[in-house]
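Fold and geometry: a report
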Amino acid sequence: MGGETIGLLGLLVLFLLLALRIPVGLAMLLVGIGGNYVLSLVLPYLRFEPYLYQFKSLLWNAMANYDLSVVPLFILMGYLAANANLSRDLFQGVNAFSGRFRGGVAMSAIGACAGFGAVCGSSLATASTMGRVALPELRRLNYAPGFATGVLAAGGTLGILIPPSVALVIYATIVEASILEMFQAAILPGTLAVVFFVLTIFVLVRVRPSLAPDAIPMAAEERRHAIRRLVPVVVIFGLIILGLGFGLFTPTPAAAIGAFLILVYGLYLRRHGEGLTLASIKSALLSTAVTSGMIYFILFGAEVLKGFFTRAGLPEALASWAAASALDPMMIMLLILLALIVLGCFMDSLSMILVVVPFLWPVLVEINGGDYVSAGEAAFGMGTDDLKIWFGILALIVVELGLITPPVGLNVFIINALAGDVKMAETFKGVLPFFGMELVRTGLILAFPALSLIVPRLLSG
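Residues numbered from 1 in each chain as written. Predicted model: local features only at pLDDT ≥ 70, side-chain atom pairs only at ≥ 80, totals over all residues. Heavy atoms only, no water.

Things to note about the overall build of the protein chain
Applied cut-off: Only runs of H or I of at least four residues qualify as helices and only runs of E of at least two qualify as strands under DSSP, and these elements are numbered from the N terminus. What the globule rule says is 2.2 Å times the number of residues to the power 0.38, and the radius of gyration is computed from C-alpha atoms. Burial here depends on accessible area, computed with a 1.4 Å probe over protein chains only, as a share of the maximum for the residue type. Under 20% is buried, over 50% is exposed, and the range in between is partly exposed. Here, two residues are considered to be in contact whenever any of their heavy atoms come within 4.5 Å of each other. Areas reported here follow the Shrake-Rupley algorithm with a probe of radius 1.4 Å; residue values treat only the protein chains shown as occluding. For the charge count, each Lys or Arg is scored as positive and each Asp or Glu as negative, with His and the chain ends excluded. Note on charges: their place is set at NZ of Lys, CZ of Arg, CG of Asp or CD of Glu.
Of regular secondary structure, the protein chain possesses 21 helices and 0 strands. In terms of overall size, the protein chain behaves like a compact globule, its C-alpha atoms giving a radius of gyration of 23 Å where 461 residues would be expected to give roughly 23 Å. Viewed in the frame of its principal axes, the protein chain has a C-alpha envelope of about 75 × 50 × 50 Å. Each of the 461 residues in the protein chain was classed as buried or not, and the buried ones make up 53%. For the protein chain, the proportion of contacts with a sequence separation of at least 24, taken over those separated by at least 6, is 76%. A total accessible area of about 19500 Å² is found for the protein chain, and carbon and sulfur atoms account for 69% of it. Where the 25 positive side-chain charges of the protein chain centre and where its 24 negative ones centre are 14 Å apart.

This is the structure in structure tokens:
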């Protein structure tokens, strides 16, 4: 039995453990250590004891990476924003502008999902939070139940791509890309997602007016209040996104500034009997510690697993097979994206990125022509640095697409649980038009890589 076969068996065991609901970090750690032990038995030249020596520094190296210091700061920013009810302010503020149109409240939900997703960076958290905020209002106004839940399930997928995003940070760390350039590259595709979702709602409610009621204009005083509450939120989020986009500051200071501004604003709201209390700040800090610890443990498990797969020679074998195959490079890319959509039905985005990207990235580099190939000679018509950005945006889009893919979309299950009385089939039916628009967006970025490359090129030039 060769090392590659052991690596494949280890991969199958990993997916089996995940299917049994073993925590992702622990599953990767078990497969990594167990796989290396089996390798040492089958291939005596790969001794097990020297492999164990790396553990004295591996955990520290996984956690002491400066680029990853941005992760707990962005998580803290998301928890502070949620505890200060900024998600509600976002929804009501956007609704003050779009609520005058048929389907406007659903459009407001999409806009609020985009804004809150930019802060928390988690699609599942965005779906859960905005579901609690927007779903009661959509139901109160007699939106069709399946349409309402479908809108929110789809809106939750905006969390991963709109910068700043924890998933983009992790991806950039794995492939050694610039985090700032990844954030810049995500701006246009993220904006396209919001526009496409709003257009989808606009068309649906005109083709089928029964999906949404006639617009009910806000009272003038209520509208002014909602806009006043929206302005500070937009200013805070806008400073972070524009500052990152134009390179005014790097991601870690941006996250620190964002967390500080939200903390100050949340304390200011205490004057009106709202905002952050000492209890909610403590809750945000504790939740940040728990979530960050979970992410760093997953990162540690991923490093151990990556060491096993590297010693088994699996990434190299997969890359060599892809390079030697007669398949067109674009066909291989399509197969990779399809596999990510399927796996995204069963795994969260962070786990997907950590488990799958270390396999797939060497394959793409190999079929593109190597690390230092020029754009004119490369199979994809771009150098390695541009390929990192283009593939990263595509991968994150399709991973999130898995969250609304029938029949096992995690976002759909979250929203459906919040709705209670809506049948799962109705929610999936409601989400299908948005699924179709996501496929269109993926196709556009696949056919026109400039959609993900133009912003970082302009800002770096």
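Here we look at the packing of helix α18 (residues 384–401) against helix α20 (residues 424–447)
Short version of the rule: All axes here are fitted lines through C-alpha atoms, helices being fitted over the stretch that makes contact, and every angle between N-to-C directions spans 0 to 180 degrees. Any angle that falls under 35 degrees is termed roughly parallel, while one over 145 is termed roughly antiparallel, one within 65 to 115 roughly perpendicular, and all others oblique. Left-handed is the label given to a crossing in which the near helix is rotated counterclockwise from the far helix by less than a right angle, and right-handed is the label when the rotation is clockwise. Residue polarity is assigned by list, with Asp, Glu, Lys and Arg as charged and Ala, Val, Leu, Ile, Met, Phe, Trp, Tyr, Cys and Pro as nonpolar; anything else, Gly included, falls into the polar class.
Two numbers describe how α18 lies on α20: the axes approach to 10 Å, and their chain directions differ by 170°. It follows from the interaxial angle that α18 and α20 lie roughly antiparallel. Where α18 crosses over α20, the two elements pack in a sense that is left-handed. Of the residues in α20, those touching α18 at W390, I393, L394, I397, V398 and L401 are F435, E438, L439, R441, T442, I445 and L446. Here the residues of the contact of α18 with α20 are counted per class, giving 10 nonpolar, 1 polar and 2 charged.

A word on the pattern of salt bridges
Selection rule: For salt bridges, the criterion is a side-chain nitrogen of Lys or Arg within 4 Å of an Asp or Glu carboxyl oxygen.
Applying the stated criterion across every chain yields a total of 8 salt bridges. For D89, the salt bridge goes to R229, with nearest N and O atoms at 3.2 Å. Placement of D89 in helix α6 (residues 86–98) and of R229 in helix α12 (residues 220–245) is noted, with a sequence separation of 140 residues between them. Given a relative accessible area of 1%, D89 falls into the buried group. Note on R229: relative accessible area 11%, which makes it buried. In this structure, K306 and E303 form a salt bridge, with 3.4 Å as the shortest nitrogen-oxygen distance. Residue K306 and its partner E303 are located together in helix α14 (residues 278–312), separated by 3 residues, close to a single helical turn. Since its relative accessible area comes to 34%, K306 is described here as partly exposed. Look at the salt bridges and you will find they share partners, linking E221, R224 and R228 into a network.

Overview of the packing of aromatic side chains
The description of an aromatic ring pair rests on the distance of the ring centres and on the angle between the ring planes. The cut-off we apply is this: Note on aromatic pairs: the rings of Phe, Tyr and Trp (six-membered ring only in Trp) are paired at centre separations within 6.5 Å, and the planes decide the class, stacked below 30 degrees, edge-to-face beyond 60, tilted for the rest. The criterion is that NZ of a Lys, or CZ of an Arg, lies within 6 Å of the ring centre and within 35 degrees of the ring normal, and then a charge sits over that ring.
Following the criterion strictly, the structure yields 8 aromatic pairs and no others. Seen in terms of ring centroids, F74 and F183 are 6.3 Å apart; in terms of plane orientation they differ by 70°. Their pairing is edge-to-face. Here F74, found in helix α5 (residues 70–83), pairs with F183, found in helix α11 (residues 179–207); they are 109 residues apart in sequence, far enough to count as distant. The same class applies to F74 as to F183, namely buried. When the ring centre of F202 is taken as origin, the NZ or CZ atom of R206, which lies over that ring, is 3.9 Å away.

Focus: the nonpolar core
Note the following rule: The set of buried Ala, Val, Leu, Ile, Met, Phe, Trp, Tyr and Cys residues whose side-chain atoms join them within 4.5 Å is what this entry labels a nonpolar core.
Counting 148 residues, the largest nonpolar core has F147 and L340 as its most contacted members. By residue number, the principal contributor to this core is helix α17 (residues 349–368), which donates 14 residues. Sequence-distant contacts of F147, defined by excluding residues within four places in its chain, comprise A106, I201, L204, V205 and L211. Grouped together as the second largest cluster of nonpolar side chains are 6 residues, L29, Y51, L58 and F300 included.

Considering the confidence of the model for the protein chain
Applied cut-off: The score called pLDDT rates the predictor's confidence residue by residue, from a low of 0 to a high of 100.
Averaged over every residue, the pLDDT of the protein chain is 82; the share at 70 or more is 95%. Looking at the elements of the protein chain, mean pLDDT is at its lowest for helix α4 (residues 55–63), recorded as 74, and at its highest for α11, recorded as 90.

Notes on the environment of E4
Relative to the helices and strands, E4 is located in helix α1 (residues 3–19). Beyond its immediate chain neighbours, meaning those up to four positions away, E4 contacts A312, G313, L314 and A317.

Concerning α17
Inclusion rule: The term bend refers to the angle at a residue between two fitted axes, each drawn through seven residues, those ending there and those starting there.
Along α17, the helix axis deviates most sharply at V357, where the bend reaches about 45°; the proline P358 sits within four residues downstream. Positive backbone phi, at 120°, marks G369, one or two positions downstream of α17.

Focus: the packing of helix α9 (residues 145–156) against α11
Look at α9 against α11: their axes get within 11 Å of each other, and the N-to-C directions meet at 165°. It follows that α9 is roughly antiparallel to α11 by the angle criterion. When the axes of α9 and α11 are compared, the crossing they make is right-handed. The segment α9 lies against α11, with F147, V151, A154 and G155 engaging F197, I201, L204 and V205.

Let's talk about helix α15 (residues 314–324)
Where we set the bar: Note that the arc is computed from the directions linking the helix axis to the C-beta atoms.
Those residues of α15 not exposed but buried are L314, P315, A319 and A322. The arc enclosing the buried residues of α15, seen along the axis, measures out at 130°, which places them on a common side. Opposite the packed face of α15, turned more than 90 degrees from it, sit the exposed residues W321 and A324. Buried positions along α15 lie against α1, α14, α16 (329–344) and α17.

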